[in-house]
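# A structural walkthrough
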Amino acid sequence: KDVLTMIGVGRLDKLKQFDILIRAFAQVASRRREWVLHIYGDGPDLGALTGLVKDLGMTDRIRLLGKTKAIWEALAAADAFVTTSALEGFPNALLEAMAIGLPCISFDCPSGPKELIRDGEEGILIERQNHQEFERALDALLGDPGLRKSLGARARISVRNRYSIEIVLKAWEDLLHNAGS
């Protein structure tokens, strides 16, 4: 594959911290020339983020693609997934990326990503607001096909073992049974 795609998904607002992602990607882009970054979403920071991409001279490598109803197709076509959220409840996009088998990198929020990712096992979990470590981990992930393959494979297995329809239905059944006791 000549071009590899990292994907980010979410509302373009301060909490999602796409500015951190854009700056970090711009820093590693010269060493990882085969990679592009696609960000899907819309929100109040669209103009500022578009300006940042332009100011960094990255319009040919970073694309803000707006909302899409075909997110599964976008994830399936991607080679890695990233989230830089400062706050998450349950990160659906991260779970979906892991289910497809994408290698993922995420900041560790007060809740959410650490419930899905064991650092170095199913993905890479970065200490909150540690921008330098995020950039180092991003560079390492983009530069190591073996790491991407192993993280993606373990992510897919983890999601299947913890969130398959059978597992979730059994958990609901147990909950309802115990609530009635």
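Note that the structure is predicted; figures quoted are calculated from it, not measured. (Residues numbered from 1 in each chain as written. Predicted model: local features only at pLDDT ≥ 70, side-chain atom pairs only at ≥ 80, totals over all residues. Heavy atoms only, no water.)

## So, a nonpolar patch on the surface
Counted only if it meets this: The residues that make up patches have over 30% relative accessible area and no salt bridge, and they are joined within 9 Å when like-charged or within 5 Å when they are Val, Leu, Ile, Met, Phe, Trp or Tyr. All accessible-area figures derive from a Shrake-Rupley calculation using a 1.4 Å probe, and residue coverage is judged against the displayed protein chains alone. Basic side-chain nitrogens of Lys or Arg form a salt bridge, by our definition, when they fall within 4 Å of a carboxyl oxygen of Asp or Glu. Counting from the N terminus, the helices are DSSP H or I runs at least four residues long and the strands are E runs at least two residues long.
Taken together, the side chains of Val168, Trp172, Leu175 and Leu176 define a hydrophobic patch exposed on the protein surface, amounting to about 410 Å² of accessible area. Relative to the assigned elements, Trp172 resides in helix α8 (residues 165-179).

## Quick look at unusual backbone geometry
Short version of the rule: Residue exposure (1.4 Å probe, protein chains only): buried if accessible area is under 20% of the type maximum, exposed if over 50%, otherwise partly exposed.
We note that Gln17 has phi near 55°; this positive angle belongs to a residue other than glycine. The topology assignment puts Gln17 in the loop between β1 (4-9) and α1 (18-28). If you check the backbone angles, Gln129 has positive phi at about 65° while not being a glycine. For Gln129, the position within the fold is in the loop between β6 (124-126) and α6 (131-143). With a relative accessible area of 38%, Gln129 lands in the partly exposed category.

## Observations regarding α8
Where we set the bar: Residue count minus one, scaled by 1.5 Å, sets the expected span of a helix.
Between its first and last C-alpha atoms α8 spans 21 Å; for 15 residues at 1.5 Å apiece the expected length is 21 Å, and the two agree. Across the 15 residues that make up α8, only a small minority, 0, are buried.

## Considering the packing of helix α7 (residues 145-163) against α8
Short version of the rule: Here the axes come from fitting lines to C-alpha atoms, over the contacting stretch only for helices, and the angles between their N-to-C directions go from 0 to 180 degrees. Any two residues whose heavy atoms approach within 4.5 Å at even a single point are treated as in contact. Think of it as three bins: nonpolar holds Ala, Val, Leu, Ile, Met, Phe, Trp, Tyr, Cys and Pro, charged holds Asp, Glu, Lys and Arg, and polar takes everything else, Gly as well.
In contact at an axis separation of 5 Å, α7 and α8 are set at 30° when each is read in the N-to-C sense. Side by side, α7 and α8 meet where Arg160, Asn161, Arg162 and Tyr163 of the first sit next to Ile165, Ile167 and Val168 of the second. Class assignment of the residues belonging to the contact of α7 with α8 gives a composition of 4 nonpolar, 1 polar and 2 charged.

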